[in-house]
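Secondary and tertiary structure notes
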Amino acid sequence: MVPSHPYVLLRCDACDQLIDPETASSGLLIFPRAGETTYEEPPLCSRCGMAIGLTAMVRWAEEEEEG
Ligand SMILES: [Zn+2]
């Protein structure tokens, strides 16, 4: 039995893995509309969302050091 899901099934933009909306990147905003779904950000699984978040932090830190 397949549970009915209110969300659209998404695939991670980085690793192409199916995303569970409950564990998706917290920055992901989904706007379901009639016939189409608009994303504020590329969909990312929790792992890639975390990895990209860390990368962004590292870059930010490096830019701070370089001044
Ligand atoms: Zn991923």
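Predicted model, so just to flag it, every value in this text is computed and none were measured.

Analysis parameters
- Residues numbered from 1 in each chain as written.
- Predicted model: local features only at pLDDT ≥ 70, side-chain atom pairs only at ≥ 80, totals over all residues.
- Helix = DSSP H or I, 4+ residues; strand = E, 2+ residues; numbered from the N terminus.
- Contact = placed C-beta atoms within 7 Å.
- pLDDT = per-residue confidence, 0-100.
- Expected span 1.5 Å × (residues − 1).
- Buried ≥ 20, exposed ≤ 12 C-beta atoms within 10 Å, placed from the backbone.

Summing up its helical and strand segments, the chain has one helix and four strands in all. When the helices and strands of the chain are placed in sequence order, the string is β-β-β-β-α. When contacts within the chain are restricted to residue pairs at least 6 apart in sequence, long-range pairs at least 24 apart make up 40% of them.

A few words on the confidence of the model for the chain. The predicted model of the chain averages 72 in pLDDT, with 60% of residues at 70 or higher. The secondary-structure element of the chain with the lowest mean pLDDT is strand S3 (residues 30–33), recorded at 63, while strand S2 (residues 18–19) shows the highest, at 83.

Further remarks concern unusual backbone geometry. Look at Asp16: it is not a glycine, yet its phi comes out positive at around 65°. Here Asp16 lies in the loop between strand S1 (10–11) and S2.

Taking 1.5 Å as the rise per residue, helix H1 (residues 46–66) with 21 residues should run 30 Å; its terminal C-alpha atoms sit 30 Å apart, in good agreement. Sparse coverage of H1 is indicated by the burial of two of its 21 residues.

Relative to the helices and strands, Leu10 is located in strand S1. Each C-alpha atom of the pair Leu10 and Cys45 lies 8.9 Å from the other, and the pair is 35 residues apart in sequence.

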